[in-house]
Each structure stands twice: as C-alpha cells, then as structure tokens.
Amino acid sequence: MQGSTGPNEHETVGAYALGILDDAEATAFEVHLAGCEWCAQQLDELAGMEPMLAALADLPGTGTPSIGESLSARPSPRLAEKLVDEVAERRAQKRRRSMYMIAASAALIVGGPLVSVAATGGEDTGGANRTVQAVSPAQQAFKGMPDRITATDPKTQVSGTVAMQEKAWGTDAVLELKNVKGPEKCSLIAVGKNGERETLSNWSVPDWGYGLPNATTEQAKNPLYIQGGAAFAPNEIDHFEVMTFDGDLLVEIGA
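Computed from a predicted structure; not experimentally measured.

Cut-offs used in this document
Residues numbered from 1 in each chain as written. Predicted model: local features only at pLDDT ≥ 70, side-chain atom pairs only at ≥ 80, totals over all residues. Heavy atoms only, no water. Helix = DSSP H or I, 4+ residues; strand = E, 2+ residues; numbered from the N terminus. Contact = heavy atoms within 4.5 Å. Pairing = 2+ DSSP bridges. Axes fitted to C-alpha atoms, helices over the stretch in contact; angles between N-to-C directions. Buried < 20%, exposed > 50% of the residue type's maximum accessible area, 1.4 Å probe, protein only. Arc of directions from axis to C-beta.

## Here's the deal with the environment of Met164
Step number 1: On the secondary structure map, Met164 appears in strand β4 (residues 159-167).
Step number 2: As a C-alpha pair, Met164 and Asp147 span 17 residues in sequence and 5.6 Å in three-dimensional space.
Step number 3: With sequence-adjacent residues up to four places away left out, Met164 is seen in contact with Met145, Asp147, Ile149, Thr171, Asp172, Ala173, Ile237 and Phe240.

Next up, the structure:
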C-alpha cells in the first residue's frame, strides 16, 4: 500500500466495484487507486464477481470443484461486512441529499411576505392558540443587507426600498414593496449609469395587493419582498425602477 491516504478511501473500493459512487466520488477514488496496490488487488477480486457466479449457476453439474471454488471466491468476512455497511451508508446519503434538495427548492419557491401558521394546542395548554411566523428567504436576505435606499412615488403612492450587497458577479438586491394594489404584473429593473437596463426579477401582484396599511387582512398588510441579481456593480447603478408589464412606472428608487 502506497501513500498516506486514510482507511476510509480504502474501504470505498467495494462501493466503487458496485458502481454506486457518483461521478465526483468515482473520480476521487480513481486518483487514489492509481497509487494504491492494496485497493487495486481488492478491486481485481471484486470486479466481475457477480456475473461469473451467475454464469456458473446456469451450468449446474459442469466444471470442476477447483474452478467453482475459484469463481465463488469471496472477500474476507471483515471486508464483506464493510462492503455491506458501505452500500447502506451510500444509499442513506443519497436519500438525505434528495430530501435536502427538495427542502431547499421548497424554501426558494416561497419568495413573498411572511407566512403565518396557526396551531391549536392540546389540553395541557388549555386550548390556547399559538402563531408561528416564518420569514421568507428574500426577507431574511433583506434584513442582512445594510445598504438601503427608499423612495415613494408622489403619483402612485407606491413605496419601495432596495437593499443591495456587492458580489463577485455583480449586485445582489432585494426589493421591499409597499402600497401596491393588484392585480398587476411587475418587474424590478436596474438602470446603469451608462444607460443600460437589466431586469432583476418579475412577479405578479394578486387582487389583495401588498403593504396596504388600511387592508383588512394581514396578508394584504404585509409588504412584498423580491430578490434578484444584476451584472452591474453597485457603483455602476444609477437607479432602480419598478415597472408594470404595461410600461407604467410605479416607483423609481435612486442608487
């Protein structure tokens, strides 16, 4: 055995032989395999074992005992136990990764205002209601961005606040929009100092609207949070515009 690789990489030979590693894991093991004689020997013993045993099973009564014993050779009990554990662990990891991806996708879909969930307690709480509020990813990002600009249009009375954060790829921005009535379809547009225009995000305003102070429901009272990105650096942006799909300007926010 060559190199100073830890025992975990040596135990991966079973999973590699079964073909259950993903591309990145298989590539990493192949790099290790190139310098490890022990793993190469184990892989030779495991490779093709199942097809050969199946072929032998299809020919009952043929061959010699010595050939049968050779084809049915198995790794040591300790290695076999590790192989079973490795397969189980790899499958569990894949299931966990799938669940994480589903959960992340669900979280990204929720890009609007606060979501209120009411739960009724049991007898031990006297039937009291408990309200749990979840913050959307866009609102969470808005809270973490200290660089903000606010403006209210004197004609439409729509109010908007843009929070920005510089990124290596440009500008990450979150819009907090208030006093906007629906139904409407809107866009957040960044206008550069060079006159170029970039659309950061598009969305629909439902009938009840967002951020309406005199609304009768919490859903309509809550502002809307929309996140998007621009290729502009923050110092290259002149202002932001919230426009309807019909071309009407709801509010302009200077940068």
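## Description of the sheet that holds strand β10 (residues 249-254)
Step number 1: Taken in spatial order, the four strands of this open sheet run β7-β6-β9-β10, and their pairing is antiparallel. Taken across any chain shown, the strands that pair with only one partner, and hence form the sheet edges, are β7 (197-205) and β10. Averaged over neighbouring strand pairs, the angle between their axes works out to 15° when direction is ignored.
Step number 2: When strand β6 (residues 184-192) meets β7, the two strands line up antiparallel, connected through eight bridges. Within β7, the residue paired with Cys186 across the bridge is Trp203.

## Quick notes on the environment of Met243
Step number 1: Looking at where Met243 falls in the secondary structure, it is placed in strand β9 (residues 237-244).
Step number 2: Residues Met243 and Ser187, spaced 56 residues apart in sequence, show a C-alpha to C-alpha distance of 5.3 Å.

## Some points on helix α3 (residues 23-33)
Step number 1: Buried residues of α3: Ala26, Phe29, His32 and Leu33, and no others. Considered in projection along α3, the buried side chains sweep an arc of 120° and stay on one side of the axis. Residues Asp23, Ala24 and Val31 are exposed on α3 and point more than 90 degrees away from its buried face.

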